[in-house]
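# An overview of the molecular structure
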Protein chains: 2
Amino acid sequence: MSPLTPPLSRRLDGLQSSAIRDLLKLTVRPDIIGLAGGLPDEQLMPRDRIALAAESALADRSRLQYTESAGWRPLREVLTVRESARLGRDVPIEEVFVTHGSQQALSLLAEVLLDPGALVVVEDPAYVGALQVFRAAQARIVAVPLDAEGMRVDVLAELLAGGERPAVVHTVSNFHNPRGVTLSPERRAELANLAQRYGFWVIEDDPYGELWFEEPSPRPVATYSPNVIRLSSSSKILAPTLRTGWMVAPDAVCRAVELLKQGADLCGSALTQQITAELLAETEWLDAHVDKVRRAYGERAQALVGALRERFGDRVVSTDATGGMFVWVDFTDGTDTVDLLPRALEHGVAYVPGSAFAVASGNRASMRLCFTTSDAVTLAEAVDRLGRALGD
Amino acid sequence: MSPLTPPLSRRLDGLQSSAIRDLLKLTVRPDIIGLAGGLPDEQLMPRDRIALAAESALADRSRLQYTESAGWRPLREVLTVRESARLGRDVPIEEVFVTHGSQQALSLLAEVLLDPGALVVVEDPAYVGALQVFRAAQARIVAVPLDAEGMRVDVLAELLAGGERPAVVHTVSNFHNPRGVTLSPERRAELANLAQRYGFWVIEDDPYGELWFEEPSPRPVATYSPNVIRLSSSSKILAPTLRTGWMVAPDAVCRAVELLKQGADLCGSALTQQITAELLAETEWLDAHVDKVRRAYGERAQALVGALRERFGDRVVSTDATGGMFVWVDFTDGTDTVDLLPRALEHGVAYVPGSAFAVASGNRASMRLCFTTSDAVTLAEAVDRLGRALGD
């Protein structure tokens, strides 16, 4: 009898790596200007402060040990102060939970909040990391479009009026990835209002809120209702290597997440959590540091948007890029950005076609450009190459 | 209308924090000798080497960035060399996957290998972190007992002959947690043989294999069949704060885990992964370091087992503790270790009752003692306190 190879779970059938991600993986060549990535600029990360904090963390041997599943307590204390200021109320420490990047919060929340077949409303175009999690949880996914003021909460209201009953509504409230827009204060209030009226959870996914260029982001959706779970992260303001995200959620949600975190990976790293705590606690230094990042990204965003408008005029509508890491470009002449990609790569510029973020299909005439890791001259050159790829 | 609070997932109903864990949480008092924990000794962790490696990792700014989901490639290369030596074949790098502790490998594998309702065979008493994962995956769980030679593979064979068809069999092959025993070479071959004959996966969970006191652990079950997925970790030989586990599995399994890891937490920390890589690559230093840990734990194990036998004689049967971190004690007179616990705590000693590791119920006359974090004198005192709690 020949040996039997066991099968894999059927739940994998619906999941697949994105074809575009695979294509872009092959094109990390030095001659290509990469606007496809979504990485913060490592040149702006506070390397020396992280090294100092690492040294100080390792002075205490108990930092080498396992730590609590909910996160190293002094980090949770620092986050409690920070989130109390952001949310305008005294957040108790029980409502603050540290995760391995905010992506882990998303994935644990999907387990805690969703039964298989539950309805999840996402934005379209969507943050693909959220789509992946909700699909793996076997949720039914319905998309609501975005416009310049963020999620079309009126479309959500229509769905609800029509009888749809979501368990969760997911929104990237500030400087949306990929769409670049920010949910307006009026819509925040209305979204929270609907959450309370119909009894659903809102996951307010906010990794970019601190990266505003002109004026601070509006107050969080979470300030309007206890049905809103707020996610944030140190990855974009400090460094992704710390793998420190966090969530502010009702105690019952945090305790359920804690139970699942024990099974998922026991706990985070006391070393990287102490580094994060130390840097987030030095508020004066932190303010200056984040300000430097904001200025650098703001200049790059302006350079990119300026070059796009100068080169393409009415042929494109691009977001204003008032914060975050991305500019979203719509071609008014219907240029197909999937067809364009191989030519763009030939001309030495990479982007992500809008269709990569579509919940079903669509966004064929759009693209996402990331401005964080290139200087103004390089961004202008990238736009020029894009123009040449378009045959201008 | 009053605001509606949304519900949590029904899958949480079956999960709960262990009552005993909660009890023990309350008793971390300085006057209690804690043999209940399962922590390696932080005094033996290579703090200075970790600090040096952290400094060197942070010299390169790209270590601050996101890294690959499968793990920082140079760490995977080091692990490939290490696992090739352990497994006696050239392991290709595609079959080595880094996880956030080996607990994360378990939880991702549960998603990759199990459909809801699938059968999982575990050992009884069981590693509770595995039980938690398989329960969360909504698996049907069947237990097979352990004896002095590890899993009763003959009982598994009977189950299979009787028509049971597991998707996964989980075993802690070396120095079992909590049972202390090691799967014999004969049973390893037979387990692998059954896996191929009936087409199931074996998860060989091996965090303790390096911690042998007298002679090296037998060759891994994974050397006998490609149906065996091997998990290991740096937590017990270096430090848990590095949160670095890994898995050796067929390419198709690794690629499926990679897809789910992207949703679970995107990637690990390039910082802690480089520290781990550096320390694992210095084989001469590593051998000497692990040898030091072995000697210290070996002496402690001997002290504990000696004190138990001297104090209780025939009243207990304890494992020989030839490696790992735990001694398992059976009371031949049927002493109920759950009833005993409050009295033991009064007398200043903590342990985990055997029933905490039971798959259904049982092990009421057993306890798990951890010897890693106490010296010989303290262990003797702990046994004395236990005797006094028993009214001797």
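All values derive from a computational prediction rather than experimental measurement.

## Here we look at the overall build of chain A
Regarding its fold elements, chain A presents 12 helices and 14 strands. Its C-alpha atoms give chain A a radius of gyration of 21 Å, near enough to 21 Å, the size a compact globule of 392 residues would have. Here the C-alpha coordinates of chain A stretch approximately 65 × 60 × 50 Å along the principal axes. For chain A, the proportion of its 392 residues judged to be buried stands at 62%. Put simply, 74% of the contacts in chain A that link residues at least 6 apart link residues at least 24 apart.

## With respect to the domain arrangement of chain A
Residue and element names in this part refer to chain A. Taken domain by domain, chain A consists of domain 1 (10-45 + 287-390) and domain 2 (47-281). When each unit is reduced to the centre of its C-alpha atoms, the spacing between domain 1 and domain 2 is 25 Å. Of the residues lining the interface, 28 residues belong to domain 1; the matching set on domain 2 comes to 32 residues. Interface area, domain 1 with domain 2, both sides summed: about 2600 Å², of which 64% is carbon and sulfur. For the pair domain 1 and domain 2, the number of links is one salt bridge. The residue glutamate 210 makes a salt bridge to arginine 294 at a minimum N-O spacing of 3.6 Å.

## Details of unusual backbone geometry
Residue and element names in this part refer to chain A. Look at the link from aspartate 124 to proline 125: it is a cis peptide, with omega at 0 degrees. Relative to the helices and strands, proline 125 is located in the loop between strand S3 (119-124) and helix H5 (128-136). Note the cis peptide between asparagine 177 and proline 178, where omega equals 15 degrees. If you trace the backbone, proline 178 turns up in the loop between strand S6 (168-171) and helix H7 (185-198).

## Notes on the side chain of Ser234(B)
All names here are of chain B. Mapped onto the secondary structure, serine 234 falls in the loop between strand S8 (228-233) and strand S9 (244-248). Accessibility expressed as a relative area gives 0% for serine 234, which makes it buried. Contact partners of serine 234, with chain neighbours within four places excluded, come to Ala239, Leu242, Thr244, Trp246 and Thr276.

## Here's the deal with the nonpolar core
Among the nonpolar cores identified, the biggest contains 270 residues, and Phe134(A), Met247(A), Phe134(B) and Met247(B) are the most heavily contacted of them. With residues up to four places along the chain from it excluded, the contact list for Phe134(A) reads Leu106(A), Ala110(A), Leu114(A), Val120(A), Val122(A), Ala139(A), Ile141(A), His170(A) and Ile203(A).

## A word on the pairing of S8(B)
Residue and element names in this part refer to chain B. Counting buried residues in S8 gives six out of six residues, a clear majority hidden from the surface. Side chains Val228, Arg230 and Ser232 of S8 all project onto a buried face; the interleaved residues Ile229, Leu231 and Ser233 project onto the opposite face, where all are buried too. In the sheet, strand S7 (residues 201-205) pairs with S8 via four bridges, with the strands oriented parallel. Paired with glutamate 204 across the two strands is arginine 230, which belongs to S8. When S8 meets S9, the two strands line up antiparallel, connected through four bridges.

## Looking at the pattern of salt bridges
Tallied over the entire structure, the rule returns 54 salt bridges over all chains. Between Arg230(B) and Glu83(B) there is a salt bridge, with its nearest N and O atoms 2.7 Å apart. With Arg230(B) in strand S8 and Glu83(B) in helix H3 (residues 73-87), this pair connects stretches of sequence that are 147 residues apart. Each of Arg82(A), Glu210(A), Asp291(A), Arg294(A) and Arg295(A) takes part in one network of salt bridges that share partners.

## Structural notes on the UniProt feature "domain: Aminotransferase class I/classII large" (unreviewed entry) in chain A
Following the UniProt record, the feature "domain: Aminotransferase class I/classII large" (unreviewed entry) maps to residues 31-386 of chain A here. Secondary structure content for residues 31-386 of chain A is 42% helix and 17% strand, and the end C-alpha separation is 14 Å.

## What to know about the relation of the copies chain B and chain A
Placing chain B over chain A gives an RMSD of 0.0 Å and needs a rotation angle of 180 degrees, together with 0.0 Å of translation along the axis. Such a combination of turn and shift is consistent with a two-fold rotation axis. The position closest to the rotation axis in chain B is occupied by the C-alpha of Ala54(B), lying 3.7 Å away. When the interface residues of chain B are mapped onto chain A, 100% of them are again interface residues, pointing to one common binding face.

## Some points on the state of the cysteines
Counted according to the given criterion, the structure contains zero disulfides over all chains. Unpaired in this structure, Cys254(A) has its nearest cysteine sulfur neighbour in Cys267(A), at a distance of 17 Å. When its relative accessible area of 0% is taken as the criterion, Cys254(A) is described as buried. The cysteine Cys370(A) is free of any disulfide, with Cys267(B) supplying the nearest cysteine sulfur at 16 Å. Here Cys370(A) falls in the buried class, since its relative accessible area comes to 2%.

## Focus: the sheet that holds strand S11 (residues 326-331) of chain A
All names here are of chain A. Strand order across the open sheet formed by four strands is S10-S11-S14-S13, with antiparallel pairing between neighbours. Edge strands, defined here as strands with exactly one partner in the open sheet, are strand S10 (316-318) and strand S13 (352-353). Two strands pair when backbone bridges link them, and S10 and S11 are joined in this way by three bridges, in the antiparallel orientation. Residue pairing across strands places valine 316 opposite phenylalanine 331, the latter belonging to S11.

## A closer look at the sheet that holds strand S2 (residues 96-100) of chain B
Strand order in the open sheet formed by eight strands is S2-S9-S8-S7-S6-S3-S4-S5 (chain B), and the pairing between neighbours is mixed. The open sheet has two edge strands, S2 and strand S5 (150-151) of chain B, and neither has a second partner.

## Observations concerning the interface of chain B and chain A
Many structure descriptions define interface size as the accessible area lost when the parts assemble. With 78 residues of chain B at the contact, the number on the chain A side is 78 residues. Between chain B and chain A the total buried area reaches about 6800 Å² when both faces are included, carbon and sulfur atoms providing 56% of it. Here chain B is connected to chain A by two salt bridges. Across the pair Asp115(B) and Arg10(A) runs a salt bridge, and its minimum N-O distance is 3.5 Å. Seen at the junction of chain B and chain A, the total is 53 residue pairs in polar contact (both at pLDDT 80 or more). Contributions of two or more residues to the side of chain B that touches chain A are made by helix H2 (47-58), helix H4 (101-113), helix H5 (128-136), helix H7 (185-198), helix H8 (251-265) and helix H9 (270-281) of chain B.

## So, the pairing of strand S4 (residues 140-147) of chain B
Residues and elements named next belong to chain B. Alignment of strand S3 (residues 119-124) against S4, held across six bridges, turns out to be parallel. By the bridge assignment, aspartate 124 is partnered in S4 with proline 145. Since S3 and S4 lie parallel, the crossover through H5 that links them has a hand, and here it is right-handed. Of the strand pairs in this sheet, S4 and S5 are connected by two bridges, and their pairing is antiparallel. Across the sheet, residue leucine 146 finds its bridge partner in S5, namely methionine 151. What sits between the antiparallel neighbours S4 and S5 is a turn of two residues.

## Description of H2(B)
Residue and element names in this part refer to chain B. Compared with the 16 Å implied by 1.5 Å per residue over 12 residues, the 16 Å span of H2 between its first and last C-alpha is a close match. Looking only at H2, the buried set comprises Ile50, Ala53, Ala54, Ala57 and Leu58. Buried residues in H2, looked at end-on, bunch into an arc of 130 degrees, giving them a common side. Exposed residues pointing more than 90 degrees away from the buried face of H2 are listed as Asp48, Leu52 and Glu55.

Thresholds applied
Residues numbered from 1 in each chain as written. Chains lettered and ligands numbered in written order. Predicted model: local features only at pLDDT ≥ 70, side-chain atom pairs only at ≥ 80, totals over all residues. Heavy atoms only, no water. Helix = DSSP H or I, 4+ residues; strand = E, 2+ residues; numbered from the N terminus. Rg over C-alpha atoms; globule rule 2.2 N^0.38 Å. Buried < 20%, exposed > 50% of the residue type's maximum accessible area, 1.4 Å probe, protein only. Contact = heavy atoms within 4.5 Å. Domains from an automatic or database assignment. Buried area = accessible area lost by both parts, 1.4 Å probe. Salt bridge = Lys/Arg side-chain N within 4 Å of Asp/Glu carboxyl O. Core = buried A, V, L, I, M, F, W, Y, C linked by side-chain atoms within 4.5 Å. Pairing = 2+ DSSP bridges. UniProt positions renumbered as here; feature names shortened; annotations may be inferred. Least-squares fit on C-alpha atoms with pLDDT ≥ 70 in both. Disulfide = S-S within 2.5 Å. Polar contact = N/O pair within 3.5 Å; in protein donor to acceptor, adjacent residues only side chain to side chain. Right-handed = clockwise from strand over helix to strand, strands pointing away. Expected span 1.5 Å × (residues − 1). Arc of directions from axis to C-beta.

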